[in-house]
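Letter by letter, the chains look like this.
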6 protein chains.
Amino acid sequence: MLTDMPLDQLRTHRSAHRDPEGLVDFWDSTLAQARAAGGDVVVVPQPTPLTSVDVYDVTFPGFDGQPVRAWLRVPAGAVAAAEASGRGLPTVVQFVGYGGGRGEPADDLLFASCGFAHLHVDTRGQGSTWSRGTTPDLGTADPLSHSPQFPGVMTRGITSPETSYYRRLFTDAARAVDAARTLAVVDSARVAVYGGSQGGAMAIAAGALVPDVGAVVAHVPFLCDIRRAMTITDADPFHELVRYLAVHRDEVDAVHRTLDHIDGVGFARRGRAPARFTAALMDAVVPPSGPFAAHAEWGGADASVHKEIEVWPYNGHEGGGSVDEVAAVEFFRRHLG
Amino acid sequence: MLTDMPLDQLRTHRSAHRDPEGLVDFWDSTLAQARAAGGDVVVVPQPTPLTSVDVYDVTFPGFDGQPVRAWLRVPAGAVAAAEASGRGLPTVVQFVGYGGGRGEPADDLLFASCGFAHLHVDTRGQGSTWSRGTTPDLGTADPLSHSPQFPGVMTRGITSPETSYYRRLFTDAARAVDAARTLAVVDSARVAVYGGSQGGAMAIAAGALVPDVGAVVAHVPFLCDIRRAMTITDADPFHELVRYLAVHRDEVDAVHRTLDHIDGVGFARRGRAPARFTAALMDAVVPPSGPFAAHAEWGGADASVHKEIEVWPYNGHEGGGSVDEVAAVEFFRRHLG
Amino acid sequence: MLTDMPLDQLRTHRSAHRDPEGLVDFWDSTLAQARAAGGDVVVVPQPTPLTSVDVYDVTFPGFDGQPVRAWLRVPAGAVAAAEASGRGLPTVVQFVGYGGGRGEPADDLLFASCGFAHLHVDTRGQGSTWSRGTTPDLGTADPLSHSPQFPGVMTRGITSPETSYYRRLFTDAARAVDAARTLAVVDSARVAVYGGSQGGAMAIAAGALVPDVGAVVAHVPFLCDIRRAMTITDADPFHELVRYLAVHRDEVDAVHRTLDHIDGVGFARRGRAPARFTAALMDAVVPPSGPFAAHAEWGGADASVHKEIEVWPYNGHEGGGSVDEVAAVEFFRRHLG
Amino acid sequence: MLTDMPLDQLRTHRSAHRDPEGLVDFWDSTLAQARAAGGDVVVVPQPTPLTSVDVYDVTFPGFDGQPVRAWLRVPAGAVAAAEASGRGLPTVVQFVGYGGGRGEPADDLLFASCGFAHLHVDTRGQGSTWSRGTTPDLGTADPLSHSPQFPGVMTRGITSPETSYYRRLFTDAARAVDAARTLAVVDSARVAVYGGSQGGAMAIAAGALVPDVGAVVAHVPFLCDIRRAMTITDADPFHELVRYLAVHRDEVDAVHRTLDHIDGVGFARRGRAPARFTAALMDAVVPPSGPFAAHAEWGGADASVHKEIEVWPYNGHEGGGSVDEVAAVEFFRRHLG
Amino acid sequence: MLTDMPLDQLRTHRSAHRDPEGLVDFWDSTLAQARAAGGDVVVVPQPTPLTSVDVYDVTFPGFDGQPVRAWLRVPAGAVAAAEASGRGLPTVVQFVGYGGGRGEPADDLLFASCGFAHLHVDTRGQGSTWSRGTTPDLGTADPLSHSPQFPGVMTRGITSPETSYYRRLFTDAARAVDAARTLAVVDSARVAVYGGSQGGAMAIAAGALVPDVGAVVAHVPFLCDIRRAMTITDADPFHELVRYLAVHRDEVDAVHRTLDHIDGVGFARRGRAPARFTAALMDAVVPPSGPFAAHAEWGGADASVHKEIEVWPYNGHEGGGSVDEVAAVEFFRRHLG
Amino acid sequence: MLTDMPLDQLRTHRSAHRDPEGLVDFWDSTLAQARAAGGDVVVVPQPTPLTSVDVYDVTFPGFDGQPVRAWLRVPAGAVAAAEASGRGLPTVVQFVGYGGGRGEPADDLLFASCGFAHLHVDTRGQGSTWSRGTTPDLGTADPLSHSPQFPGVMTRGITSPETSYYRRLFTDAARAVDAARTLAVVDSARVAVYGGSQGGAMAIAAGALVPDVGAVVAHVPFLCDIRRAMTITDADPFHELVRYLAVHRDEVDAVHRTLDHIDGVGFARRGRAPARFTAALMDAVVPPSGPFAAHAEWGGADASVHKEIEVWPYNGHEGGGSVDEVAAVEFFRRHLG
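Every chain is numbered on its own, with residues counted from 1 as its sequence reads. Naming scheme: in the order in which they are written, chains are lettered from A and ligands are numbered from 1. Only residues with pLDDT of at least 70 get local features here, since the model is predicted, and only at 80 or more are side-chain atom pairs given and counted; chain-wide, interface and lining totals rely on the full set of residues. To get the side-chain values, all heavy atoms of the structure are used, and hydrogens and water are removed first.

Under an unreviewed UniProt entry, the name given to chain A is Acetylxylan esterase, and the source organism is Quadrisphaera setariae.

Here it is, written out as structure tokens:
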């Protein structure tokens, strides 16, 4: 059944989300601080049985310079070729859905098999529910970033934007783009960000924080119009917020304020890259009004920004599955040049 | 929790399955009839965005010559190279789990990215639950092959071995090997069969029916020691058999007889290729005594046959996931030469 | 809780269903082809322990002349009496709900115990979920009628109206009326069609395709306003359609077109017999807007057609249960004369 | 899956149940008191649309003379015929499963359609879950018979045998036989007791308390070897006992003592009529060791007593369904003469 | 997710409940009859390990004079002190949620630890689901008060207001206030009624039937706007009513009439004491429109009556939990003087 | 149903747990390091509406000196009285079950109302699932203590004993005893440790690490014989370990080694205080073989140690509920002197 408004209403729906005061400064200073923290991008060849794809184990500095892991997959020999030619490849920086990590080296071969460099970014503190990750979430110096949380990371440090888990994760996302651009195999002018669900939220955030990325694809993106989503679905991970507030009844205002700082609708207004969204009308995990709201706001007042939204009428959170992945490849080819 | 015996008991467990009279003849004549029916292997290039892998849409003659679809994925340019050199590639013929089909052209790039030719075989009449398929299940001339079935294909034609759905599907599996061997890009001496769950059952059957295949890998194989499985799990698809017999109470003996003809334990005794199995101790869909029973019988009385079983102590039906896939690549490299 | 609109809105609700072009021809030619295929109605006495009811095992030609089974139950001695007198009995042709078959000979004694001849029609390819059936679904010559289906028959051959399972089943329903009328024990002028859920959909279809039936009773009829139902319930079997389209994303338009050919709302417009419907306000399997829509359309523009709808405010899909069955007997007495 | 021991173990299993001291006296005095309370059997014709079966609304004195309702169904005209001839019919007294009542007048026509008189007995205080009943459970003068109960009647008055709900219900069952025998249409020498689940438990109890009944058929009988059942299933209604004792932790011994007074194993030892039981190996509501235990004890030390047990290997609590009903008719024909 | 209207709509929502004719007389005569039946309030010291709180086991006359149990908890020595001083304590009479009883003597120490006398009233016939009770529900002389019920007490005697379970329970609630006022340790002028869920419904009823109580606190009160609740939730215990009517289809009007006699909205119009309500926007057991409706009606036309409602936006039926309990203490301190 | 062995087998069951090498040193050095880290015990009066109990907000140094919160509840005026008299009270240090925190100040009044000082210790990083907590889990300097975790804290830092969450939590438990003993209101010689489920595991650990505590009560203690529990239950939180290892397949040995360091069976061997355990035979969260194993090992070779185990035959994880709490009070009175 439909989990949200019918399609015709979704097409004209606008979110009630309002950017909190200081939102832009909050993110700009966070990202500036991360960049200031420095740190090296370390790239180590990773043995695999693959012959047409080379894999590297990458460590790059994320939030506050903390080390974040990723897999870099490229067509076989591409690194040496780029170093020799000085010409990098069009590149996809991919973020992962809730609970997952970067997975195994030989997973997810699509982008490299299509000629892209593919930086598959680990998810701090997650990576133990469905795909393996190894990046710790070191938190901040503020003990509140380690405060009691409902199981899952949604509510880690949720009492303030500064200590919120997603401040760290979204900064990792932006810094992943920075890291990619340091690599010879990457053509800095042709870097796209990509992901589904939480990975879609990260793609939106990275697209807003690094507005000169070449393209953004966000499949059924999570964390858009969060306050509305909390009232219309009982599915995790949105519901983790509800469960937390059911115990921490005195923190409703504080949590609302934090959520308003990490909402994809707010990020979308800052995005300028060509962007593709998907939404699924029977998605109970990410009700489609969230992706539609992000799509509606993308580009803010700039009507020249290219954006599109694909609608899956009979799908749940899987959306278009690998059909969407191939469509993303084609979108990247079209928009990265 | 454990879904079956503890590991130490599994290691010495032997199935109570007894081969029904005429089992070998039943399968030999079925396969002979399919081969006699003839039919062409049609290979059509399939457009994809891939650059390092070429994909072809294959139609080959399966049971009774009926057309079965598959994707052929090979390293880019491999077909022309093989035609030029006369030397084919080591090849993996892959079968799919219950409810799935061959999926999308650009899915499952591992084997081709490791230098194999990869024939990914569709599943007749399935392919509508989790991955897309397009091959019809035309049945036999006997109307009983179209008789009332509990939802799912487990009980289609179940009243006799001749009309049973799995007679057709396992014949398709054997004929897929035949079809692969007709292709220039395939090195006939180095063809392996591979699959998980129902795909594992098909790999076992193909390995028994085409005993000169080069290697067999069956992950958490379904349909081994079926009668036992029916009494120890309520999970589909084994439970479809129970639900059918709960309505067709007068067909218990007939259904038992059919099941005895399609049981992987019976096939395993005929296998001679090097074989690798996996089992998961918390697998409720395929309780591990089935895979262990198939492993125990593999090779029959021939002690020289190489066989091994990987055990996942804390996994369910996902078993080793993509870790197992990479291990399969390595097993094929080791045993296909 | 209510599963659909409140009662006052249901009373004025009209379906958005639009008949596809050629709908009438599609069904007329299908039925004409079935009638042209011919085939005998075979009636064999069935031993039972009953003393006041005689049971016969009937085989009649359905879709394309394919054999369909049924039980014929009549008051003891009625067949001989009718043959002697030349006067048949008022007759109820009953169709069965999803997953069920004609059941056991001595089941469902109500109609015969009330003096009716009772033809209890089997359901091709079903009859393995809750009541036993034995009629195969032979499909058509077109392989698409055997294409991959989501478990259950809803999506069998769903890619075109011609290959759709329900084309065959609804034709069986109309042909069951034809078959009944060939029997001496049946008064051809007093044949009613009857069923609940899928059986109700079949009664509506038969009532439309054989418009001179004497009466129609459809309890909580399935398959009315299908497209709406798919968006407001997650219960099977409507949900089987959703699950199929979640995998076969490219077939949405084709499936919509097929559904528009089998929708009970379209059939209802052709009905002219006195008709009784029921609907249950807490029915999640058949949300009540479907039955109400069929009721609203019944008789088309002909205001003289008698129609009524019984509403069960606190029931689910069981509706009025055996209370409704007795009400059906009384409706038939009133309207069959 | 199997819900209890494998079949070979069930065949030799004996219950650990021990009859509590005074068990025979407890039931004999209870029944004597009920008989002493007297009360009339009132028989009122019930209008229905049936033509081959006549239905009467019966009220008879049950426990302590309290009024209990039943439907009497007989072949049309049988009452007048019996009154004229002085010869009654073989008779089936049927009891109903947990939560149900006698249902509607025109339900359950099998026995009357086979030439039996059929007394379908209501269930005091139940009849609101799946089939309608109207008999109140007036309890006893002891307030403990109205004490707090877990939802459902299992624990009503459970703190002592005297106040237990099942003391009253089983007495109703025995008194139903007495009532039937007062009717002209009933042949007192040919009265059988019959039921499934709770109805099977009542049939066993009535067969023990009125040992000269002509036959007993108990399908998947509930309440046999209760203490064992409580430890091997979480399904209601056995689980109601567990839930009650989880709150009334201080009443374990008292409840055990009550259960020992109502256990079907204790009753079975007193039975002498030919008896037929069924058990289903996948029955989670009534695990099969209970029915097997009752079967093993039936007839006590008297080896001449005929008894049999039908086993359904792949069924749950539905057991043989209407196949069992027809088998019961045949058993009654064989054993009532 | 929200289980009912959004908050802004709840704030202006008014129930469609209409008081049935004779409602006031019905309750006045019921209460008068209970008071006329007389009966003693018996107070027995209860041994516990507590040192700062004394507990007494109280039996008082409830509906029709039937004995009802309660715990009386007071600050240590308070009874002797009150007897010596002639000055009683402010007092909280507490009622319990569905399925529970008065629990254990040393449970629920808050009120006595805050200096109140605390009469914790048992729930007739319940007390076996989550907290222990011992009070029988003796019913009335009318057998209909013992008629078949759906499991749980919601539908006990539901066919008429006179025989309804809640007539008895609400009378117990009012008589508990009467009983408290007979005790020296209680200051009759400062007695409050208090409870959550069903206990909240009882507090509302007692506050209406004994309008000179000093204060009323009803947390997420059950049984307000019952007819609406039945259509918007499937959660028990409201759903017990639906399940009963699904079987007793002929009693819909009678049950509606009974429900109209026990609806908290009707009671609320008679309340005059200062009242505090809570509602939880994600409460599926008691959708918030019920508590809001009761709050809206409280005090009837008397605008001087103090009333307030606390809203928990992210809680389910637990509402504010112990935070609400402390708020109740503060409300009582403020309003009892 | 039983979730583990029958009672007679439990009584003689011994765990297969073997203490890992260096276990005693591991814990001794961890505790020594925490004590060496120092830190103040800060006690701040907490306003509540209570009159017979005073509550204080306590912060004490736990693992590595990190601040841990607790509530201190004492009889009103007890602190001043103790300071005046120099005589402290017998004291209960209570730990909390999984997901919970110290809750609200006025919760859990039993111990203080019985004359004990009651230190109710918060749970680092939890306190967001069912009762509120505020203590952060700061982890260690090793980033692995912040590594990816399955939702919940079970697997936080699980790859080594040093980084494991439970190393920190159990150290907090021991340090809570140290902290209590610094308070004037506490009689250092009469301090007991107490808790249920995870709180029971903490009580066992504290009783082992601070072996001169006066008494230990562990209700249905969690984390005893962990490796066995993982194979016999699918209930969280044991199942969190399984889910983690299903993704981190390469960490099985490391996780086993960590679990062996935190298993309650290992701690139990070091306990010397009088100890009381409970176990529930239908407990799926903590199958009873764990509590029985801890009981069996308690006191190690010292047969003079008093120990007892209470068994609840029909309860789940709630065990004896508040009945057990009162029994704990009595046990403390008996053994603390």
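## Digging into unusual backbone geometry
Going by this rule: Only DSSP runs of H or I covering at least 4 residues are called helices, and only runs of E covering at least 2 are called strands; the numbering of each starts at the N terminus.
Cis peptide bonds are those with omega within 30 degrees of zero, and the linkage from D236 of chain D to P237 of chain D qualifies with 0°. Among the structural elements, P237 of chain D can be located in the loop between α7 (226–232) and α8 (238–247). Phi at D225 of chain D is positive, roughly 55°, even though this residue is not glycine. Even without being a glycine, V220 of chain E presents a positive backbone phi close to 35°.

## Structural notes on the sheet that holds strand β1 (residues 42–45) of chain F
Note on sheets: strands pair through backbone hydrogen bonds, and any given pair is parallel or antiparallel. Residue and element names in this part refer to chain F. Rules: Being paired, for any two strands, means DSSP has found at least two bridges between them. To define axes, lines are fitted to C-alpha atoms, for helices over the stretch in contact only, and angles between the resulting N-to-C directions are given on a 0 to 180 degree scale. Residues count as neighbours in contact if any of their non-hydrogen atoms are within 4.5 Å of one another.
Reading across from one edge, β1-β2-β3-β5-β4-β6-β7-β8-β9 is the order of the nine strands in this open sheet, with mixed pairing throughout. Edge positions in the sheet fall to β1 and β9 (307–312), since each of these pairs with one other strand and no more. With strand direction ignored, the average angle separating the axes of adjacent strands in the sheet is 20°. Against the sheet, helix α6 (residues 198–209) contacts β4 (89–95), β6 (186–196), β7 (215–219) and β8 (275–280), and its axis sits at roughly 140° relative to β6. Sheet strands in contact with helix α12 (residues 321–336) are β4, β6, β7, β8 and β9, and its direction is about 165° off that of β7.

## Section: the nonpolar core
Residue and element names in this part refer to chain F. Using the following cut-off: By nonpolar core is meant a set of buried Ala, Val, Leu, Ile, Met, Phe, Trp, Tyr and Cys residues that side-chain atoms within 4.5 Å join together. The buried label goes to any residue with under 20% of its type's maximum accessible area, the exposed label to any with over 50%, and the partly exposed label to all in between, with areas taken from a 1.4 Å probe on protein chains only.
Of all hydrophobic cores here, the largest spans 87 residues; its most connected members are F95, Y166, F170 and V185. Here this core gets 10 residues from one element, more than from any other, and that element is helix α5 (residues 165–181). Aside from chain neighbours lying at most four places away, what touches F170 is W27, A201, M202, A205, L209, L223, I262 and F267.

## Focus: the interface of chain D and chain B
Applied cut-off: Once two parts are put together, the accessible area they lose, assessed with a 1.4 Å probe and summed over both, is termed the buried area. The salt bridge criterion pairs a side-chain nitrogen of Lys or Arg with a carboxyl oxygen of Asp or Glu, the two atoms within 4 Å. Identification of polar contacts relies on pairs of N or O atoms within 3.5 Å, with a donor-acceptor requirement for protein atoms, meaning one able to donate a hydrogen and the other able to accept it, and with residues adjacent in sequence counted only if both atoms are side-chain atoms. Only Asp, Glu, Lys and Arg are considered charged, only Ala, Val, Leu, Ile, Met, Phe, Trp, Tyr, Cys and Pro nonpolar, and every remaining residue, Gly among them, polar.
Opposite the 12 residues of chain D that make contact, chain B presents 11 residues. For the pairing of chain D and chain B, the buried interface totals around 920 Å² over both sides, and the portion due to carbon and sulfur atoms is 61%. Between the two partners, chain D and chain B, sit zero salt bridges. Connecting chain D to chain B are five residue pairs in polar contact (both at pLDDT 80 or more). By residue class, the composition of the side of chain D that touches chain B is seven nonpolar, four polar and one charged.

## Let's talk about the relation of the copies chain D and chain B
For the record, the criterion: Copy-to-copy alignment: least squares on C-alpha atoms, limited to residues at pLDDT 70 or above in both.
Of the transformation placing chain D onto chain B, the axial shift is 0.0 Å and the rotation is 120°, giving an RMSD of 0.0 Å. Between the two chains, the operation in question is that of a three-fold axis. The rotation axis passes nearest to the C-alpha of T3 of chain D in chain D, at a distance of 8.2 Å.

## Examining the state of the cysteines
As used here, a disulfide is simply a covalent bond connecting the sulfur atoms of two cysteines. Put simply, the test is: Note on disulfides: each one is a pair of cysteine sulfur atoms within 2.5 Å.
Evaluation of the coordinates by the stated rule reveals zero disulfides over all chains. Just so you know, C114 of chain A is unpaired, no disulfide at all, and the nearest cysteine sulfur is the one on C114 of chain B, 17 Å from it.

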